[in-house]
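Close look at the chain arrangement
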Amino acid sequence: MPDLTDVVAQIARDMARAETRGTVASYIPELAKVDPRQFGICVIDHDGKVHAAGDADVPFSIQSVSKVFTLTMALGKVGDQIWTRVGREPSGNPFNSIVQLEREAGIPRNPFINAGAIVVSDILLEGHKPREAIGSILSFVRDLADDQTIIVDSAVARSETQTGFRNVALANYMRAFGNLQNAPELTLGVYFHQCAISMSCRQLATAVQFLAHDGFNPAVGRRVVSSERARRIAALMLTCGHYDGSGDFAFQVGIPGKSGVGGGIIAVVPGKAAIAVWSPGLNKVGNSLLGAVALERLTRAMNWSIFASR
Ligand code: GLU
């Protein structure tokens, strides 16, 4: 087996030089300002050893990567009841699509498309004020990453609040079907702020470690979820973590992952590694172009596909 530190360093060197880098998301104006030449990678292996390279310590907007953390919280809050309001099937549609919701009576296909994540935020908001819900999401993520310096980038949250018209439409549409309990603008306030959390690859890899260790976070020595729940969250990442690029990601990379339009991807190799990569340029379906290339290179070099027998 090649040396992981060397593999990670080589990938970072090659990605820094890559000419085709995708297109930075511009529908959230604040994200359009990010320099596309950046690339970061952090891999935490089974023994907790951290292998980081490139821009691994540069914070970026985690966007939909946050949906893994809020789903984990909502499962803790309401358990399997969540599945009466959100499905568990890949959507085969763009991340912000509204068409499926009409046919399926306001029940989003899964918790990782925007509509599904907005329902999850609505669940976290129930019984709280938006400020409290945002605060508890932030402290959950800080605890997972073992880093109290993580913040919400208020410029990004504001930018999305001013321009997130499709998400406003999704929320109102679901409210019309009775699948949102709170006022749409309050639920969206929670959703936009969770998406605007800023984290580096190193912080994200630490935070997702619990999914590589059957629900136990070794960085803080604490169980986050049961092993069964960890497997189920990872299963959803594999089938739904890259929108309508999920099938291709499973085919090319072969591990559970979750992307965000900020260019980040978190991924896990159960029992072996927790990974975060970041490069702001996106492919046609809104997933980090070089992030996916880097993960494919990594899993190939380390023989880490979850479908490999050894
Ligand atoms: N905040 C983004 C949106 O709702 C998240 C999308 C993503 O990261 O894929 O449009």
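Residues numbered from 1 in each chain as written. Predicted model: local features only at pLDDT ≥ 70, side-chain atom pairs only at ≥ 80, totals over all residues. Heavy atoms only, no water.

Notes on the packing of helix H2 (residues 66–78) against helix H5 (residues 130–145)
As a packed pair, H2 and H5 sit with axes 10 Å apart at the nearest point and diverge in direction by 105°. Classified by the angle between their axes, H2 and H5 sit roughly perpendicular to one another. Contacts from Phe 69, Thr 70, Thr 72 and Met 73 in H2 reach Ser 136, Ile 137, Phe 140, Val 141 and Leu 144 in H5. For the contact of H2 with H5, the class distribution of residues is six nonpolar, three polar and no charged. (Axes fitted to C-alpha atoms, helices over the stretch in contact; angles between N-to-C directions. Helix = DSSP H or I, 4+ residues; strand = E, 2+ residues; numbered from the N terminus. Parallel < 35°, antiparallel > 145°, perpendicular 65-115°, else oblique. Contact = heavy atoms within 4.5 Å. Nonpolar A, V, L, I, M, F, W, Y, C, P; charged D, E, K, R; others polar.)

Description of the site of the ligand
Near the ligand you find Tyr 27, Gln 63, Ser 64, Phe 95, Asn 114, Glu 160, Asn 167, Tyr 191, Cys 195, Tyr 243, Gly 260 and Val 261, and these make up its full shell. One of the side-chain N or O atoms of Glu 160 is found 2.7 Å from a nitrogen atom in the ligand. Asn 167 has a polar side-chain atom sitting 2.8 Å from an oxygen atom of the ligand. Alone, the ligand offers 300 Å² of accessible surface; in the complex the protein occludes 99% of this. More than half of the atoms belonging to the ligand lie within 2 Å of the grid points that define the second largest cavity. (Near = heavy atom within 4 Å. Polar contact = N/O pair within 3.5 Å; in protein donor to acceptor, adjacent residues only side chain to side chain. Areas by Shrake-Rupley, 256 points an atom, 1.4 Å probe, with all protein chains shown as cover. 1 Å grid on protein atoms, 1.4 Å probe; cavity = no way out; pocket = protein on both sides within 12 Å on 5 of 7 lines; lining within 4 Å. Sits in = over half its atoms within 2 Å of the grid points.)

With respect to the nonpolar core
Core analysis: the biggest nonpolar cluster contains 76 residues, and Phe 69, Ile 197, Met 199, Leu 204, Leu 211 and Ile 266 have the highest contact counts within it. Within the second largest apolar cluster, 26 residues are counted, among which are Val 7, Val 8, Ala 12 and Ile 255. (Core = buried A, V, L, I, M, F, W, Y, C linked by side-chain atoms within 4.5 Å. Buried < 20%, exposed > 50% of the residue type's maximum accessible area, 1.4 Å probe, protein only.)

Digging into the packing of aromatic side chains
In total, this model carries three aromatic pairs according to the counting rule given. Summarising the aromatic geometry, the rings of Phe 60 and Trp 278 are spaced 4.8 Å apart at their centres and angled 5° between planes, so their arrangement reads as stacked. Taken as a pair, Phe 60 in strand E4 (residues 60–61) and Trp 278 in strand E11 (residues 273–278) lie far apart in primary sequence, 218 residues in all. A single burial state applies to Phe 60 and to Trp 278, both of which are buried. (Phe/Tyr/Trp six-rings, centres within 6.5 Å; stacked < 30°, edge-to-face > 60°.)

Topic: the side chain of His 242
Here His 242 lies in the loop between helix H11 (227–240) and helix H12 (246–252). A relative accessible area of 1% places His 242 in the buried class. For His 242, the contacting residues outside a window of four places in its chain are Phe 249, Gly 257, Lys 258, Ser 259, Ile 265 and Asn 287.

So, the pairing of E11
Taking burial as the measure, the six residues of E11 include six buried ones, the bulk of the element. Relative to E11, strand E2 (residues 40–45) runs antiparallel, the two being bridged by six bridges. Note on E11: the bridge partner recorded for Cys 42 is Ala 276. Of the strand pairs in this sheet, strand E10 (residues 264–269) and E11 are connected by six bridges, and their pairing is antiparallel. Its bridge partner being in E11, Ile 266 is matched across the sheet by Ala 276. Linkage of E10 to E11, two consecutive antiparallel strands, is achieved through a turn of three residues, within which Gly 271 is found at a positive phi near 80°. (Pairing = 2+ DSSP bridges.)

So yeah, pure geometry; function would need other evidence.
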